[in-house]
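# Tertiary structure, described
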Amino acid sequence: MAMLHHSLELPVADEQAAADRDRARLRQLGYKQELKRGLSVLSNFAFSFSIISVMTGVTTTYNTGLRYGGPVSMTLGWLVMAVFNGCVALSMAEICSAYPTSGGLYYWSAKLAGKDWAPFASWITGWFNIVGQWAGTTSIDFALAQLVQVIILLSTAGLNGGGYMASKYVVLAIYGIILIIHGLINSLPIQWLAFFCHLGSFCNVAGIFTLVTLIPAVAKDDRASVNFIFTHFNTDNGMGIRDKTYILCVGLLMSQYSVLGYDASAHMTEETKNADWSAPMGIVTSVGLSSLFGWIYLVALTSIMTDISYLLNPQNDAGGYAIAQSLYNTFHRRYGSGVGGLVCLGIIATATFLCGIGCITSNSRMGYAFSRDGAMPFSRVWYRVNKQEVPLNVVWLSVAMAFIMALTSLGSEVAFQAMLSIATIGLYVAYGLPIFFRVTTARKSFIPGSFNLGNFGVIIGWVAVAWVALVTVLFSLPVAYPIVMDNFNYTPVAVGGVLLLIVGSWVLHARFWFKGPISNVDA
């Protein structure tokens, strides 16, 4: 891209000199090197790419896209999302290059908001970021537990054949086991985590390639037409909504949720070599490739979604899990057995499992940095690293918070879904705030790093801010009419509650002592 200015040569001749340069830059930003810096640009990219995990995001929210608008809202809506989400990623990458610290977003807000507003900007950005990450981990690992339950259901003859339908308590238990395994893996040194994230990236690409190849080969004459895939608009959503524009807007949420979590590259900067270039590249390339592979995967899936009302029916063998039912049916029609469909679901489950590992990693690094600056209760407990330079305590804090959030699944399903919306809105608000400060209060004072957008930075930044604002509104819209307790969208209530807690704690307590990022160079 012509607007990016960076030499292809490494800034220094050897690895030790590069490490010294990273250490010196971190000291300039106010911190000493405490985490092991062992990640390459590829490893940094792998963390974000495996966390975005479009196979996970698309599979988890496909029912929403299929119900609201169907094929056209997903295949064409995805392209709309890719353009505007790309602007968010570019703006974040530019800021990340200027401030390569594990604190990421909240540190950026503190430096860009101006002296008077820095502490409050840092506080609200940081809390939206970490709560959004906790909710993100919850949504990923709980989606995996639900997918495991569906695989078991279809493996035991399906819902209509007397198959085993796990209770909500069993699903929660499966979820808890997954979380514990992810916590144990994240207790390993950074080299092992890099391996798992490389594996996650490989599984995403290989998995998508496998499914995109298998689906058309197996489906053959049962595939939908190209016209259906790109132009069919599903208005029969059973939710009482008929306005096509409104349906399309709600359907966009599937695409937006599916490409999220790329702030991981920023949170891994203090463990990344040549961080002021490697981390921004990790952000941009992970979003770009995820958008590309995600669209290809989406088109392949949509080609076998010919009977939408049946696939969404909670009385089908997969309990209304559209992707599971369609994959199972596709193989069963061709070979007389749905085993091939179960294998495909196993591939998706593997990618989702590896995605969850990266989520905990990103959570823990954000928590480590936030507690380093004294923003979290009992910060001294969370701001500790073990002999392997792993922030072990905050790893298990991330696991515990994700489990606590999932307890809402035992009550109202609607309330649980609203809580999961915090993952998208919380993260996106945290993404948007430093970009907003970059194009307003810091418009003239911002000093870019080695990755910069030149004269296009402000324009791209304003597009990003507008998109974040729009997405926040869309996630808060009613999803059914008439509105009753069972279909009420609690998202604005949940997010409003989080905002009230964040601002309330600031007014009543934090404003008296929290001053934003704290230097520990002399500690």
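Residues numbered from 1 in each chain as written. Predicted model: local features only at pLDDT ≥ 70, side-chain atom pairs only at ≥ 80, totals over all residues. Heavy atoms only, no water.

Under the annotation held in an unreviewed UniProt entry, the protein carries the name Amino acid permease/ SLC12A domain-containing protein and is attributed to Eragrostis curvula. The record held by UniProt for the protein lists under Sequence similarities (unreviewed entry) the comment "Belongs to the amino acid-polyamine-organocation (APC) superfamily. Amino acid/choline transporter (ACT) (TC 2.A.3.4) family." Database annotation for the protein, UniProt heading Subcellular location (unreviewed entry): "Membrane". (UniProt positions renumbered as here; feature names shortened; annotations may be inferred.)

### A closer look at the packing of helix α6 (residues 118–155) against helix α15 (residues 339–372)
At their nearest, the axes of α6 and α15 sit 9 Å apart, and the two run at 160° to each other. Between α6 and α15, the interaxial angle falls into the category roughly antiparallel. With respect to the hand of their crossing, α6 and α15 are arranged in left-handed fashion. Split into classes, the residues belonging to the contact of α6 with α15 amount to 19 nonpolar, twelve polar and one charged. (Axes fitted to C-alpha atoms, helices over the stretch in contact; angles between N-to-C directions. Helix = DSSP H or I, 4+ residues; strand = E, 2+ residues; numbered from the N terminus. Parallel < 35°, antiparallel > 145°, perpendicular 65-115°, else oblique. Left-handed = near helix turned anticlockwise from the far one by under 90°. Nonpolar A, V, L, I, M, F, W, Y, C, P; charged D, E, K, R; others polar.)

### Describing the nonpolar core
Of all hydrophobic cores here, the largest spans 143 residues; its most connected members are Tyr-62, Val-88, Trp-108 and Tyr-262. In terms of residue count, α6 provides more of this core than any other element does, 16 residues in total. Beyond its immediate sequence surroundings of up to four residues, Val-88 is in contact with Tyr-262, Tyr-428, Tyr-431, Ile-435, Ala-464, Trp-467 and Val-468. With 13 residues, the next largest nonpolar core counts Leu-39, Leu-193, Phe-196 and Leu-354 among its residues. (Core = buried A, V, L, I, M, F, W, Y, C linked by side-chain atoms within 4.5 Å. Buried < 20%, exposed > 50% of the residue type's maximum accessible area, 1.4 Å probe, protein only. Contact = heavy atoms within 4.5 Å.)

### A word on helix α2 (residues 41–52)
An ideal rise of 1.5 Å per residue puts 16 Å on twelve residues; α2 measures up with 17 Å between its terminal C-alpha atoms. Across the twelve residues that make up α2, a large majority, ten, are buried. Listing the buried residues of α2 in full gives Ser-43, Asn-44, Phe-45, Ala-46, Phe-47, Ser-48, Phe-49, Ser-50, Ile-51 and Ile-52. Among the residues trailing α2, Ser-53 stands out with phi positive, at a value near 35°. (Expected span 1.5 Å × (residues − 1).)

### A look at helix α3 (residues 54–67)
Across its 14 residues, α3 extends 19 Å between first and last C-alpha, which sits within 8% of the 20 Å expected from 1.5 Å per residue. At Thr-61, α3 shows its strongest bend, of approximately 55°. For α3, the buried fraction is high: eleven of the 14 residues fall into the buried class. Restricting attention to buried positions, one finds in α3 the residues Val-54, Met-55, Thr-56, Gly-57, Val-58, Thr-59, Thr-61, Tyr-62, Gly-65, Leu-66 and Arg-67. Two residues or fewer past α3, Gly-69 is found with a positive phi of approximately 100°. (Bend = angle between axes of the 7 residues up to and from the residue.)

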